[in-house]
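# A structural walkthrough
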Amino acid sequence: MPELVYPPVIAAAKTMFRVLDLKITIEGAHHVPPTGGAVLASNHVSYLDFIFCGLGARESKRLVRFMAKKSVFTHRISGPLMRGMRHIPVDRRAGTGSFVEAVAALRRGEVVGVFPEATISRSFTVKQLKSGATRMAREAEVPVLPVAVWGTQRLWTKGRPRTLGRRHTPITVLIGEPMKPAAYPDANAMTTDLAERLSALVDRNQREYPERPAGPDDTWWLPAHLGGSAPTPAEAGTLDRS
């Protein structure tokens, strides 16, 4: 089927990035295979992560089909775009259908984007991962690529006002080496290794980020263990439960 929606959306996004002069850095894009299925498993710190994670696949000329909650697909504005870009809706009360659809897409040679933390991390550290990303990769016999996105939380994240017009913001995307399912005895072992790799990539991304908070009132976007005022993982867990 021809791609009638995705390319114009990408073009519009890139135009907006230029207008805002976002400082986008992508490292490891060569790990995304030019053909065949693959899972991009990204950390989740912003409502915009899928946009920048998807940019990481553009060097390989790939379009990423992201898994996202079903409500995004029924929204009057985002719904037609999400369906037109052939993203995959996830009903958290009945996830089998989306899993089957994702595996089918991988077997067709698609790149599928997943946020294995399931929800945005308020602490900006990697939460406990769900096993869906590795299970679908094993089912379809395709690699998993860990992806660390950082800087996007400064534009729009959970519990903070949107600053979508913010200019000159650095956004960094690091794509790790492919993880091949055959190297692991089961999905749980692969998920454990994915969590370790993803955490290491996120930590590196945070420590090498080219900007630091402008002052005491600007530390909210940095994790607590790096001197920021973001909630600790324990505090974030309490906020999520409430």
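Residues numbered from 1 in each chain as written. Predicted model: local features only at pLDDT ≥ 70, side-chain atom pairs only at ≥ 80, totals over all residues. Heavy atoms only, no water.

### Topic: the nonpolar core
- If you look at the biggest cluster of nonpolar residues, it comprises 27 residues, and the most contacted ones within it are Y6, L40, F52, V64 and V147.
- Put simply, the parts of the chain that give this core at least two residues each are α1 (6-20), β2 (38-42), α2 (49-55), β3 (64-69), β6 (144-150) and β7 (170-175).
- In terms of residue count, α1 provides more of this core than any other element does, 5 residues in total.
- Apart from the residues within four sequence positions on either side, L40 is in contact with V32, C53, V64, V111, V112, G113, V114, L145 and V147.
- By size, the runner-up hydrophobic cluster in this structure holds 24 residues, among which are A102, V114, A140 and M190. (Core = buried A, V, L, I, M, F, W, Y, C linked by side-chain atoms within 4.5 Å. Buried < 20%, exposed > 50% of the residue type's maximum accessible area, 1.4 Å probe, protein only. Helix = DSSP H or I, 4+ residues; strand = E, 2+ residues; numbered from the N terminus. Contact = heavy atoms within 4.5 Å.)

### As for unusual backbone geometry
- Non-glycine residue A118 carries a positive phi angle of around 80°.
- In this structure, A118 sits in the loop between β5 (111-114) and α6 (132-140).
- Residues other than glycine seldom take positive phi values, yet E141 does so here, at roughly 60°.
- Here E141 lies in the loop between α6 and β6.

### Regarding the pattern of salt bridges
- Tallying each qualifying case throughout the model produces 12 salt bridges.
- The residue D21 makes a salt bridge to K23 at a minimum N-O spacing of 2.9 Å.
- Ionic pairing is found between E27 and R204, a salt bridge with its closest N-O pair at 2.7 Å. Remark: R204 occurs in helix α7 (residues 187-208) and E27 occurs in strand β1 (residues 23-27); sequence separation between them is 177 residues.
- Residue E27 is classed as partly exposed on the basis of its relative accessible area of 38%. (Salt bridge = Lys/Arg side-chain N within 4 Å of Asp/Glu carboxyl O.)

### Things to note about the pairing of β5
- Of the two faces of β5, both are covered, the one formed by V111 and G113 as well as the one formed by V112 and V114.
- Here 4 bridges tie β2 to β5, and the two strands are oriented parallel to one another. By the bridge assignment, A41 is partnered in β5 with V114.
- The pairing of β3 with β5 spans 3 bridges and is classified as parallel. (Pairing = 2+ DSSP bridges.)

### As for α6
- Within α6, the full set of buried residues consists of G132, A133, T134, M136, A137 and A140.
- On its buried face, α6 sits against β2, β3, α5 (96-107), β5, β6 and α7.
- In the stretch just after α6, E141 is the one whose phi turns positive, near 60°.

### Concerning the sheet that holds strand β4 (residues 88-90)
- Strand order across the open sheet formed by 7 strands is β1-β7-β6-β2-β5-β3-β4, with mixed pairing between neighbours. The open sheet has two free edges, formed respectively by β1 and β4, since each of these has just one partner strand. Strand-to-strand twist across the sheet, computed as the mean angle between neighbouring axes with direction ignored, equals 20°.
- On the sheet, α7 packs against β1, β2, β6 and β7 and is oriented at approximately 30° with respect to β6. (Axes fitted to C-alpha atoms, helices over the stretch in contact; angles between N-to-C directions.)

### Points about the environment of F66
- Within the secondary structure, F66 sits in strand β3.
- The class of F66 is buried, set by a relative accessible area of 2%.
- Discounting residues that sit within four places of it in the chain, F66 has contacts with Y6, F50, C53, G54, H87, I88, G113 and F115.

### So, the side chain of R65
- Locating R65 in the fold gives a position in strand β3.
- With sequence-adjacent residues up to four places away left out, R65 is seen in contact with E3, Y6, M85, R86, H87, E110, V111, V112 and G113.

### Focus on α1
- Compared with the 21 Å implied by 1.5 Å per residue over 15 residues, the 21 Å span of α1 between its first and last C-alpha is a close match.
- Within α1, the full set of buried residues consists of Y6, I10, A13, F17 and L20. For α1, the angular spread of buried residues about the axis comes to 90°, placing them on one side.
- On its buried face, α1 sits against β1, α2 and β3.
- D21 lies just past α1 and shows a positive phi near 55°. (Expected span 1.5 Å × (residues − 1). Arc of directions from axis to C-beta.)

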